[in-house]
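# Tertiary structure, described
One letter stands for each residue in the lines below.
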Amino acid sequence: MKIATYNVNGVNGRLPRLLDWLAETSPDIVCLQEVKTDDSKFPIKAISDAGYGAIWHGQRSHHGVAILAKGETPKEIRRGLPGDAADSQTRYLEAEAKHIVVVSLYLPNGNPQPGPKFDYKLAWFERLIRHAQALYASGKPVVLAGDFNVVPTDFDIYNAWAWRWDAVMQPESRNAYRRLLAHGCIDSTRHLHPRDVIYTFWVNSNAFRRNAGFRMDFLLLSPSLASGLKEASVDSEFRGREGASDHAPTWVNLSDRKSTTQARRV
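Right, let's walk through the structure included here. Every chain is numbered independently, its residues counted from 1 as its sequence is written. Note on the predicted model: pLDDT of at least 70 is required for a residue's local features to be given, and 80 or more for side-chain atom pairs to be given and counted; whole-chain, interface and lining totals, by contrast, use all residues. Side-chain numbers come from the whole structure's heavy atoms, not from hydrogens or water.

## Things to note about helix 1 (residues 15-25)
Listed as buried for helix 1 are L15, L18, W21, L22 and T25. Here the buried residues of helix 1 occupy an arc of 125 degrees about the axis, which is enough to place them on one side. Buried-residue contacts for helix 1 involve strand 1 (2-7), strand 2 (29-33), helix 2 (44-49), strand 3 (52-57) and strand 4 (65-70). For the purposes of this entry, the term helix denotes a DSSP run of H or I that reaches at least four residues, the term strand denotes a run of E that reaches at least two, and both are numbered from the N terminus. Immediately beyond the C-terminal end of helix 1, within one or two residues, lies S26, with a positive phi of roughly 50 degrees. Note on classification: 1.4 Å probe, protein chains only; a residue is buried when its accessible area is under 20% of the maximum for its type, exposed when over 50%, partly exposed between these limits. By arc we mean the arc of the directions from the helix axis to the C-beta atoms, nothing more. Residue contacts follow a heavy-atom distance rule, with two residues in contact if any of their heavy atoms lie within 4.5 Å.

Here it is, written out as structure tokens:
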């Protein structure tokens, strides 16, 4: 099973690129971020015609997340991260698809820091940590997928010094990410490729040509899914196409859970 996350940076403006990627790579589940459209304008017909059911949580011009599943419509569990009833930003969507609990999230950027936006980022991270703990405690297979707006280590960015004051690089952001992993999930890409230079975001096309990137898009797998992890990679070639998002699709390939369970019983 192939599960992917993709910050499309505007689903309607990037729709041709999204459809190309779906057709060429055929993921089973897709989490989208920064769809940047209200719910009424989400391109569900084009996505359905491509063979995917979808749910979405949109907002005009900003934020917005979606979950796609090949051949089925994800069953919505929750829209909006719990813990702050006044939070109106559309950054979190949770559903069941292919018998997995799937979360598409777009964590706040937090710039400029220090300031209210950075405070909001850290508060959002705390809410995510609390809710993720409850998800993992349920024992269900869970994937947290999205743009986390944190660079976990200096190895995950082309030039840590140049970006040392950015919110994605701050010790508080990195510490929150480590605490999220401490619940038992794995950073799938780093788990399989601990020493490889891997980026998922490039600020512009020139940066992409120089491979001056950041790694900020992750698929975090609960233990039952982590045991079946076979591949993890980034479709960086799509970042170089005309009209591309500034992020590239990031994906994992998991073994069939039923087969894995049966093998363990034997």
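On we go.
## Observations regarding the pattern of salt bridges
Two side chains carrying opposite charge are able to pair once their charged atoms lie near each other. Only one rule defines a salt bridge in this text: a Lys or Arg side-chain nitrogen within 4 Å of an Asp or Glu carboxyl oxygen. Applying the stated rule across the entire model yields 15 salt bridges. The residue K98 makes a salt bridge to E72 at a minimum N-O spacing of 3.6 Å. One end of the pair, K98, is in the loop between strand 6 (92-97) and strand 7 (100-106); the other, E72, is in the loop between strand 4 and strand 5 (75-79), with 26 residues separating them in the sequence. For K98, a relative accessible area of 22% corresponds to the partly exposed category.

## Regarding the nonpolar core
Formed by 24 residues in total, the largest nonpolar core has its most connected members in I3, I67, V102, V143, L221, V252 and L254. Beyond its immediate chain neighbours, meaning those up to four positions away, L254 contacts M1, I3, L221, L225, G228, L229 and K230. Counting residues in each nonpolar core, the second largest holds 23 residues, with V101, W124, L128 and L220 among its members. We define the nonpolar core as a collection of buried residues of types Ala, Val, Leu, Ile, Met, Phe, Trp, Tyr and Cys that are connected through side-chain atoms lying within 4.5 Å of one another.

## Notes on helix 4 (residues 171-181)
One turn of the α-helix equals 3.6 residues, which is why residues spaced by three or four share an orientation. Among all positions in helix 4, only S173, R174, A176, Y177 and L180 are buried. Along the axis of helix 4, the buried residues cluster in a sector spanning 160 degrees; they form a single face. Looking at the packing, one finds that the buried side of helix 4 touches helix 3 (116-137), strand 8 (142-147), strand 9 (186-187) and strand 10 (217-221).

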